[in-house]
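# Summary of structural features
The lines below spell out each chain.
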Amino acid sequence: MIVCKQCGHHNEDNDTFCGSCGKFLEWTGERVAVAEPEPPPPVAEPEPEPVHHGLLDRVKQAVGLDEVAAAPATVGPDAPTTPVASAAASAVPAPAAPAPATAPTATPYRPFPVNSAHAAAKAPEPVLAGLGTPVPPTPSAAPNGPSASEEPLSRRPTSVAPAAVRPRPGPRTMEAPTRRHPGDLICGQCGEGNDPGRHFCRRCGSELAEAAVVQLPWYRRILKRLSGNRTREAGWRPNRVGGPNVTGMAVRIVRIVIAAVIVLSVLAFLLVPPFHAAVVNKVTAAVTAIRKAIHPNLDPVHAIAATATTSTPGHSADLARDTFSNTYWAAKVSDRAPVLVLKFSDPVDLAEIGITPGASGAAPQDQFLAEPRPKQVHLVFSNGDSTDITLSDSNQAQFTAIDVKQVTSVEIHVMSTWAPAGAAPSSVAITEVEFKMKD
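Okay, so let's go over this structure. Throughout, residues of each chain are indexed from 1 in the direction in which the sequence is written. Residues qualify for local features only when their pLDDT is at least 70, as the model is predicted, and side-chain atom pairs are given and counted only at 80 or more; totals for whole chains, interfaces and linings, by contrast, use all residues. Values shown for side chains rest on all heavy atoms present in the structure; no hydrogens or waters enter the calculation.

### Quick look at the side chain of Arg 203
Going along the chain from the N terminus, every DSSP run of H or I of four or more residues is numbered as a helix, and every run of E of two or more is numbered as a strand. In this fold, Arg 203 is placed in the loop between strand S5 (193–194) and strand S6 (212–213). Think of it in three bands: with a 1.4 Å probe and only protein chains considered, a residue is buried below 20% of the maximum accessible area for its type, exposed above 50%, and partly exposed in between. In this tally, Lys and Arg are treated as positive and Asp and Glu as negative; His is ignored, and so are the chain termini. Any Lys or Arg side-chain nitrogen found within 4 Å of a carboxyl oxygen on Asp or Glu counts as a salt bridge. Glu 192 provides the closest opposite charge to the buried, salt-bridge-free Arg 203, at an N-O distance of 4.0 Å.

### Looking at the pattern of salt bridges
Proximity of charged atoms lets side chains of opposite charge pair with each other. Tallied over the full model, the rule gives 5 salt bridges. With its nearest N and O atoms 3.8 Å apart, the salt bridge here joins Arg 31 to Asp 13. Of this pair, Arg 31 sits in strand S3 (residues 29–31) while Asp 13 sits in the loop between strand S2 (10–11) and helix H1 (25–28); the two residues are 18 residues apart in sequence, bridging distant segments of the chain. Owing to a relative accessible area of 58%, Arg 31 belongs among the exposed residues under this scheme. For Asp 403, the salt bridge identified is with Lys 405, shortest N-O distance 3.5 Å. A residue is classified by how much of its surface remains accessible, and Asp 403, at 56% relative accessible area, is exposed.

### Some remarks on the packing of aromatic side chains
Each aromatic pair joins two rings of Phe, Tyr and Trp (for Trp, the six-membered one) with centres within 6.5 Å, and gets the label stacked for planes under 30 degrees apart, edge-to-face for over 60, and tilted for any other angle. If you walk through the whole model with that rule in mind, you get 3 aromatic pairs. Here Phe 17 and Phe 24 contribute two aromatic rings whose centre-to-centre distance is 5.3 Å and whose plane-to-plane angle is 50 degrees, an arrangement assigned as tilted. The pair formed by Phe 17 and Phe 24 is uniform in burial state, with each residue classed as buried. Taken together, a centroid distance of 5.2 Å and an interplanar angle of 75 degrees make the contact between Phe 344 and Phe 435 edge-to-face.

### Regarding unusual backbone geometry
One non-glycine residue with positive phi stands out, namely Thr 323, at about 65 degrees. In this structure, Thr 323 sits in the loop between strand S8 (305–308) and strand S9 (329–331). Residue Thr 323 is classed as exposed on the basis of its relative accessible area of 53%. The backbone phi angle of Gln 406 is positive, close to 50 degrees, even though this residue is not glycine. In this structure, Gln 406 sits in strand S13 (residues 398–418).

### Quick word on the sheet that holds S3
Across the sheet, 3 strands lie side by side as S2-S1-S3; this open sheet has antiparallel pairing. The strands lining the two open edges of the sheet, one partner per strand, are S2 and S3. Pairing geometry for strand S1 (residues 2–4) and S2, over 2 bridges, is antiparallel. The residue of S2 that forms the bridge with Ile 2 is Asn 11. Each pair of strands is called paired provided DSSP finds at least two bridges between the two strands.

What follows is the structure, encoded as structure tokens:
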């Protein structure tokens, strides 16, 4: 962990800039080691069992032989003297005292004098082998002069290496971003991902005020919504108190089942040809029905035959379906309830019917006024439906919306007419009858 000395923010070990103030952590940061748990206390070793002396050892101890054997190991001026050691000491002549050394003419400089007597008292005296008699040390230098061994080591001259010059850092190379977690703030300068709580980039120190947030892919967002697993904010707590949320679990299971059905349907549509064809037909029919209901296309449909209760010479019933405007059908004067029947080759769905009333000819307007025109007509369809239409006294085609399904024939019953002023040559005249269907 790196602690910023400027603001006290805690940063990760691999951060280069402070996440709170944006300072360069190599100058203002201090690396803090995380406290490790204390080691367990050492296990106490078992105490050694007391030594049990045998009979022979107790006899030696009572006689004093064990003290005689241990006496030569004791060294020092205060050590007790045994009879054997005293006899050995009297047998060996004492060495002669050394002659005093002549004082030197000049005493060298000693910044830290050493007490020779104290050093000699601390140093152990040599002992003659087997006798335990101390031997005085042989002087190696004058009493008042320093020796090489007595000079302190801290004052001896040593070679000091020159301080190494720290090279100036070269240009830093920007590496590829090291992290991209969902919810991270993406730096606009280097592309590094940062924690949502940071204000400056952890890599280049740029400000993160306008940084983009990492988003999950669309398929992972859909799966996350279906599974019901959501990322909660820090400090979020559920509102419910009690047992498990059975309703939430049921909703989650239903979501997963729906997602599985959708996936299997897509795979079957792509891999099973019969299922693919059936789906395409169903979808096409549904789309066509919706389009016809919202914005239909009206196409003409023609009757293949026409019959009437009566007709005058030269004006048969087929002239009412020939699509020409200069021919017409006319019923006899004696026919007081004329009926015109039109037939289709196949069942059709009719959306509109258009009737052009009156007679037409070389002088349409004069001929129109000379013949009676239909005013009220009653339509009867082959499927059992029926409707009434009222026409205006005009020589133009008049269309009326109808909605009948699977029709093979249509009967037009003339209920009343617009009569001419003088004697009429017929009971009624119709120039053309047209039909349209939705497509």
